[in-house]
Amino acid sequence: MKVFKELYQYREFLFTNVKKDIRGKYKASFLGVLWSFINPLLQVTVYAIVFPYLMRGQTIPNYLLFIICGIIPWTWFTMSMMNGTTCITNNGNLIKKVYFPREILPISSVTSGCVNFLISCLIILLFAIFTGSGITWHIIFLPLIMIVQYIFSLALVFLTSAINVYIKDVEYMINFIINLLFYATPILYPASMFDGTKFAFIFKLNPFAYLVEAYRNIFYAHEIPGMKQLLGLLGVGLLILIVCYMLFKKLEKRFAEEI
Amino acid sequence: MKKDVAIKVTNMTKWFKYYSDKANTMKERLVRGWKKNKNEVHTVLKSIDLEIKKGETVALIGVNGSGKSTLLKLMTKIIFPNKGRVTTYGKLTSLLELGAGFHPDFTGRENIYFNAAIFGLTKKEIDERLDKIIEFSELGEFIDSPVRTYSSGMYMRLAFAVAINVDADILLIDEILAVGDQHFQDKCFAKLEELAKSDMTIVIVSHSLDAVKRLCNRGIWIHEGEVRMDGECEKVIDEYIKECA
């Protein structure tokens, strides 16, 4: 409970941190914050052009919306992991000189990604309308899916940011791991493509496979996401979050000395 | 816990490990196997016992490397003791560094929010102090220009103005008394004197002995990680000067 009280006390720090993350990053550029939306859009364009050729004749209706539902949430995850992993080491100056609850830094990395994602949802909705797919009441499940993704991202960021203080290689490895995960998650292709192959188990173990599926349920297929999986994921996520948080608290004691 | 205690240090020991050749990267670790790094333990503070009462203004003095700053960091909870305990009662602010969290592309006004938020102030609390901070910094119209356009003096003035207006119960200061020109220094000093007279607890690490003498009522001389002398500020400083000379 003391943790929550302190985090509440420092809420303004969390808020300004998120603000600095979102507005500060592109402040000097001409297009500013727009870049955080242009980038995923450009990415989508490339995949939308290239991938249909690689799909061996298998066609997915409304492929553009199909990949946007995967890429936009994935951008949130990538952003959280990239900024999150280095959030302690990059703020070494603060850590060494000022006391504040250290967990604010990982939390704000994931939160600024989350805010970015919320705005990006407008892009998904725009595409849903213009591709003729439309919007249905199913998007009320969005907050639940986001909470699950938030919990998983935060747990991972707690883990990687703390370890990165002691082993600096983590931030370089994370790049590769995210890339690998990107292809191990059914973002560009439907999970059903691997039905019956020896790779099918990957989607069973990968929480992001379920998440992308759920985003697609509400934005693309207009159906109720699998509640059993989502709630199960929520439970597992919370458990992992607690473990990672405890580890973070243990490692944080020597942050100031190791950075 | 007695009510009038602000900071309590009990039997506290702190050591640092110096790695003579630390395996920093994964590669080095793997090449060398997972065996322990060779290291030397350097004890910086040796079973320190201290009790600082509410409202006291304490000077920590000592030669370079005696452990004063480490003690201050332990009180701030930036680092943690290896043995013993450091307990503080009340809201604590440390001025170990000015301008922490400043972002060069944002205006002075926005940076006041960033900086004050790091000290744990809420939006409402900052709003209340905003005018006082701007006035104290004497930045005038520049407050709405990006901080990157500031001179270093202006930068420090803004940072100090924020830090001094945080209103904590305990204030820890590490050698930052010399900020800006003579006029601003005098102003800062006057403000510190005012705070020292209030019931705020202040701990200062400084080598400006004259300033400290005027400000503090208690002196603690740290020598090689131990409390060499603890008592009335003037006496402690006089002894310290004698020893150093």
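Residues numbered from 1 in each chain as written. Chains lettered and ligands numbered in written order. Predicted model: local features only at pLDDT ≥ 70, side-chain atom pairs only at ≥ 80, totals over all residues.

**Q** When you look at the overall build of chain A in this model, what are you seeing that I'm missing?
**A** Tallying secondary structure elements over chain A gives 13 helices and zero strands in all. Counting from the amino terminus, chain A carries its helices and strands in the arrangement α-α-α-α-α-α-α-α-α-α-α-α-α. For chain A, whose C-alpha radius of gyration is 19 Å, the value lies close to the compact-globule estimate of 18 Å for 259 residues. Referenced to the eigenvectors of the C-alpha coordinate spread, the extents of chain A come out at roughly 60 × 45 × 35 Å. The burial tally for chain A puts 39% of its 259 residues in the buried class. Restricting to contacts in chain A with at least 6 residues of sequence separation, those with at least 24 account for 80%. (Helix = DSSP H or I, 4+ residues; strand = E, 2+ residues; numbered from the N terminus. Rg over C-alpha atoms; globule rule 2.2 N^0.38 Å. Buried ≥ 20, exposed ≤ 12 C-beta atoms within 10 Å, placed from the backbone. Contact = placed C-beta atoms within 7 Å.)

**Q** Help me understand the interface of chain B and chain A, please; the structure alone is not making it clear to me.
**A** A common way to express how large an interface is: the accessible area buried when the components associate. Each partner contributes to the interface: chain B provides 26 residues, whereas chain A provides 23 residues. Looking at the side of chain B that touches chain A, the elements that each hand over two or more residues are helix 3 (108-118) and helix 4 (123-137) of chain B. It is helix 3 of chain B that provides the largest number of residues to the side of chain B that touches chain A, a total of four residues. Considered class by class, the residues forming the side of chain B that touches chain A number 14 nonpolar, eight polar and four charged. (Nonpolar A, V, L, I, M, F, W, Y, C, P; charged D, E, K, R; others polar.)

**Q** For this particular structure, what's the right way to read the sheet that holds strand 3 (residues 57-61) of chain B?
**A** Picture the strands of a sheet paired through backbone hydrogen bonds; they go either parallel or antiparallel. Residue and element names in this part refer to chain B. Spatially, 5-6-7-3-8-9 is the arrangement adopted by the six strands of the open sheet, whose pairing is mixed. If you trace the sheet from one side to the other, it starts and ends with strand 5 (92-95) and strand 9 (226-232), each paired once. Across the sheet, the axes of successive neighbouring strands diverge by a mean angle of 15°, strand direction being ignored. (Pairing = 2+ DSSP bridges. Axes fitted to C-alpha atoms, helices over the stretch in contact; angles between N-to-C directions.)

**Q** Is there a simple way to explain the nonpolar core in this structure?
**A** General note: in soluble globular proteins, nonpolar side chains tend to be found buried as a group. Counting 136 residues, the largest nonpolar core has Ile-68 of chain A together with Leu-60, Ala-116, Leu-172, Val-203 and Ile-204 of chain B as its most contacted members. If one sorts the elements of this core by residue count, helix 8 (residues 142-166) of chain A sits on top with 13 residues. Residue contacts for Leu-172 of chain B: discarding those within four places in its chain leaves Leu-72, Met-75, Thr-76, Leu-92, Ser-94, Leu-95 and Val-203 of chain B. (Core = buried A, V, L, I, M, F, W, Y, C linked by C-beta atoms within 7 Å.)

**Q** Sorry if this is basic, but what is going on with the pairing of strand 9 of chain B here?
**A** Two faces belong to every sheet, and in a regular strand the side chains alternate between them. Residue and element names in this part refer to chain B. The pairing of strand 8 (residues 218-223) with strand 9 spans six bridges and is classified as antiparallel. What sits directly across from Arg-218, in strand 9, is Glu-232. Hairpin connection between strand 8 and strand 9: a loop of two residues separates the two successive antiparallel strands, and Glu-224 in this loop has a positive phi of roughly 50°.

**Q** What exactly am I supposed to notice about the confidence of the model for chain B here?
**A** Low pLDDT means the predicted coordinates in that region are not meant to be read closely. For chain B, the mean per-residue pLDDT works out to 85, and 89% of the residues sit at or above 70. This prediction of the complex comes with two scores: 0.89 for pTM and 0.83 for ipTM. (pLDDT = per-residue confidence, 0-100.)

**Q** Looking at this structure, how should I read the packing of helix 2 (residues 11-25) of chain A against helix 7 (residues 104-130) of chain A?
**A** Geometrically, a packed helix pair is captured by the angle between its two axes and the distance between the axes. All names here are of chain A. Contact geometry for helix 2 and helix 7: axes closest at 9 Å, N-to-C directions at 55°. As the angle between them shows, helix 2 and helix 7 are arranged oblique. Crossing geometry of helix 2 relative to helix 7 is assigned as right-handed. Along its contact with helix 2, which presents Phe-13, Leu-14, Asn-17, Val-18, Asp-21 and Ile-22, the element helix 7 presents Ile-104, Ile-107, Ser-108, Thr-111, Ser-112, Val-115 and Asn-116. Grouping the amino acids of the contact of helix 2 with helix 7 by side-chain chemistry returns seven nonpolar, five polar and one charged. (Parallel < 35°, antiparallel > 145°, perpendicular 65-115°, else oblique. Left-handed = near helix turned anticlockwise from the far one by under 90°.)

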